[in-house]
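# Secondary and tertiary structure notes
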Amino acid sequence: MRILRVCFSGSKQTRQKALILYGLKMSKIRIICKRLLYGEVRIMVNSTHISYFTLAAYFDTGFLKYLFFMIVMCLYVCIIGANVLLIVVICVNRSLHEPMYLFLCSLFVNELYGSTGLFPFLLVQILSDIHTVSAPLCFLQIVCIYSYASIQFSILAVMSYDRYLAICNPLQYNTRMTSNRVAMFIAVSWLYPFIAIWIMVSLTLSLQLCGNIINKVYCDNFSIVKLACSDTTVNNIYGIFITFSLIMFPVSLTLISYMRILRVCFSGSKQTRQKALSTCTPHLASLLNVSFGSCFEVIQNRFDMKYVPNILRILLSLYFLTCQPLFTPVLYGLKMSKICIICKRLLYGEV
C-alpha cells in the first residue's frame with residue numbers, strides 16, 4: 001500500500017516502472033507455481049542427497065506374491081547348490097586342476113556373486129508393500145550387477161583363448177598357459193571390470209538428479225542417468241567406452257577364437273572334430289545365452305519400450321540375471337565329461 005501511494009504521488013515514469021516490475025514479479029511467480037503444480041518444473045537434487053529410490057515396475061499381485069517368493073527362493077537355492085557343488089568338485093579333485101577347469105571355477109564363483117547381488121534384494125521387494133531402496137544400497141547393487149555381467153564376458157573370452165591354444169596349438173599349450181599366466185588372466189578378468197564399473201558409478205554419483213523413480217524391479221545405472229537435470233555427456237561417452245571395452249571387445253575375441261577352432265576342426269579328423277565340439281559347445285551356448293540377455297537389456301534402456309507389456313519387460317530384464325547363474329553350472333556339469341562323472345560319483349556316494 002505504501003509503495004503504491006509513493007508511486008501515484010510521483011511522476012508518470014515512476015508509476016509505470018513500479019507497475020511493470022511488480023507485474024513481472026507476480027507473473028513469474030504464477031508461471032513457476034503452475035509449472036510446479038503440473039509437473040513441468042523438476043527440482044534439482046544432487047544424487048548424494050537423495051536418500052532412496054522408488055522401483056515403479058512392481059505392481060500389486062495380492063496373495064500371488066507368496067507364490068512368486070517361493071519360486072524365486074527355490075531358484076536361488078538351486079543356483080547356490082549347483083555352483084557350490086561344481087566349485088567343490090574342481091577344488092577337491094587334483095585331476096581337475098587344469099587351466100580350463102580353473103577358469104570354470106572362476107565362472108561359477110562369478111555366478112554366485114551375481115545372483116547374490118540380485119536374489120536377496122528381489123525376495124525382500126516381492127514381499128514388501130512399499131518398493132523403495134536406499135541410495136547406497138541401490139548403487140551397490142549397480143556395481144554388483146554390472147561387474148557380474150562384465151566379468152562373465154571377460155572369463156568367456158579367456159576360456160575361448162584357452163580352447164584355441166589347446167586345439168590349434170597343442171604343442172605350445174603347456175608353455176603358454178602356465179599357472180602364473182592362468183592366475184594373471186583370472187585376476188585381470190575380475191579387476192578390470194570392477195575398476196571400470198566403479199568409475200561409471202562415481203560419474204553417476206556426481207550428477208544432479210530431478211527425481212528418484214526407477215521403472216525397473218532392480219537398480220539400473222542408465223535409469224538413474226535418465227533422471228539427471230545436469231549434463232550427462234561424460235556419462236554417455238564413458239558408457240559407450242565400457243560397452244565396447246567390457247562387452248564388444250571380449251565378444252569379438254571369443255568369436256574370432258571359435259572361428260579359428262572350427263576351421264581347424266573341419267580340416268582335421270572326425271575324432272578331433274568330436275572332441276573339439278564337445279568342449280566348445282558349452283562355451284558357445286553360454287556366450288549366446290548371456291549375449292541375448294545383455295542385448296535385450298541394452299535395447300530396453302536405449303529405446304522406448306512402453307508398447308511392450310510390463311510383465312514381459314520384467315521377465316526379459318530378469319532373464320539374464322536369473323537364468324544364466326543356473327544355466328551355466330547345469331550346462332557345464334552335463335557336457336564336460338570329467339565333471340559329470342565326478343559329480344555322479346559324489347552324489348551317489350562312490351567317492
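Our subject in this report is the structure included herewith. All values derive from a computational prediction rather than experimental measurement.

Along its length, the chain carries 12 helices and 5 strands. Per-residue burial for the chain yields a buried fraction of 43% across its 351 residues. In the chain, of all internal contacts separated by at least 6 residues, the share reaching a separation of at least 24 is 81%. Taken as a whole, the chain presents about 20000 Å² of accessible surface, with 69% of it coming from carbon and sulfur.

Our focus in this paragraph is the packing of aromatic side chains. A complete count under the given rule lists 11 aromatic pairs for this structure. Pairing Phe108 with Tyr332 gives two aromatic rings, centres 6.3 Å apart and planes at 70°, and the pair type is edge-to-face. Residue Phe108 is located in helix 4 (residues 99-127), and its partner Tyr332 is located in helix 11 (residues 310-335); the two are separated by 224 residues in the primary sequence. Since its relative accessible area comes to 0%, Phe108 is described here as buried. Taking the relative accessible area as the measure of exposure, Tyr332 reaches 0% and is therefore buried. What links up through ring pairs into an aromatic cluster is the set Tyr113, Trp190 and Phe194.

Before going further, it helps to spend a moment on the state of the cysteines. Evaluated as defined, the whole model comprises 2 disulfides. Covalently, Cys138 is tied to Cys219 through a disulfide, its sulfur atoms 2.1 Å apart. Because the torsion about its S-S bond is -125°, the bridge between Cys138 and Cys219 counts as left-handed. In this pair, Cys138 sits in helix 5 (residues 135-168) while Cys219 sits in the loop between strand 5 (213-214) and helix 8 (221-225), placing the two residues 81 residues apart along the sequence. The disulfide bridge from Cys210 ends at Cys229, spanning 0.8 Å between sulfur atoms. Here the S-S torsion is close to -90°, and the disulfide linking Cys210 with Cys229 is therefore left-handed. Taken together, the residues span a long stretch of sequence, with Cys210 in the loop between strand 4 (208-209) and strand 5 and Cys229 in the loop between helix 8 and helix 9 (233-266) at a distance of 19 residues.

With that settled, the discussion passes to the packing of helix 5 against helix 7 (residues 179-205). Between helix 5 and helix 7, the least distance of the axes is 8 Å, while the angle of their chain directions is 150°. In this view, helix 5 runs roughly antiparallel relative to helix 7, as classed from their interaxial angle. For helix 5 against helix 7, the interelement crossing comes out right-handed. Contacts from Phe139, Ile142, Val143, Tyr146, Ser147, Ser150, Ile151, Ser154, Ile155, Val158 and Tyr161 of helix 5 reach helix 7 at Phe185, Ser189, Trp190, Pro193, Phe194, Ile197, Trp198, Met200, Val201, Thr204 and Leu205. When the residues that make up the contact of helix 5 with helix 7 are grouped by side-chain class, the tally is 17 nonpolar, 5 polar and no charged.

Residues Phe59, Ile311, Leu312 and Leu315 make up a contiguous nonpolar surface patch of about 380 Å² in total accessible area. Relative to the helices and strands, Ile311 is located in helix 11.

Taking strand neighbours across the sheet as the criterion, the 3 strands line up as 3-2-5 in an open arrangement whose pairing is mixed. Edge positions in the sheet fall to strand 3 (132-134) and strand 5, since each of these pairs with one other strand and no more. Each of strand 2 (52-55), strand 3 and strand 5 touches helix 5; the most contacted strand, strand 3, lies at about 85° to it.

Quick notes on the rules
Residues numbered from 1 in each chain as written. Predicted model: local features only at pLDDT ≥ 70, side-chain atom pairs only at ≥ 80, totals over all residues. Heavy atoms only, no water. Helix = DSSP H or I, 4+ residues; strand = E, 2+ residues; numbered from the N terminus. Buried < 20%, exposed > 50% of the residue type's maximum accessible area, 1.4 Å probe, protein only. Contact = heavy atoms within 4.5 Å. Areas by Shrake-Rupley, 256 points an atom, 1.4 Å probe, with all protein chains shown as cover. Phe/Tyr/Trp six-rings, centres within 6.5 Å; stacked < 30°, edge-to-face > 60°. Disulfide = S-S within 2.5 Å. Axes fitted to C-alpha atoms, helices over the stretch in contact; angles between N-to-C directions. Parallel < 35°, antiparallel > 145°, perpendicular 65-115°, else oblique. Left-handed = near helix turned anticlockwise from the far one by under 90°. Nonpolar A, V, L, I, M, F, W, Y, C, P; charged D, E, K, R; others polar. Patch = residues over 30% accessible without salt bridge, like charges linked within 9 Å, V, L, I, M, F, W, Y side chains within 5 Å. Salt bridge = Lys/Arg side-chain N within 4 Å of Asp/Glu carboxyl O. Pairing = 2+ DSSP bridges.

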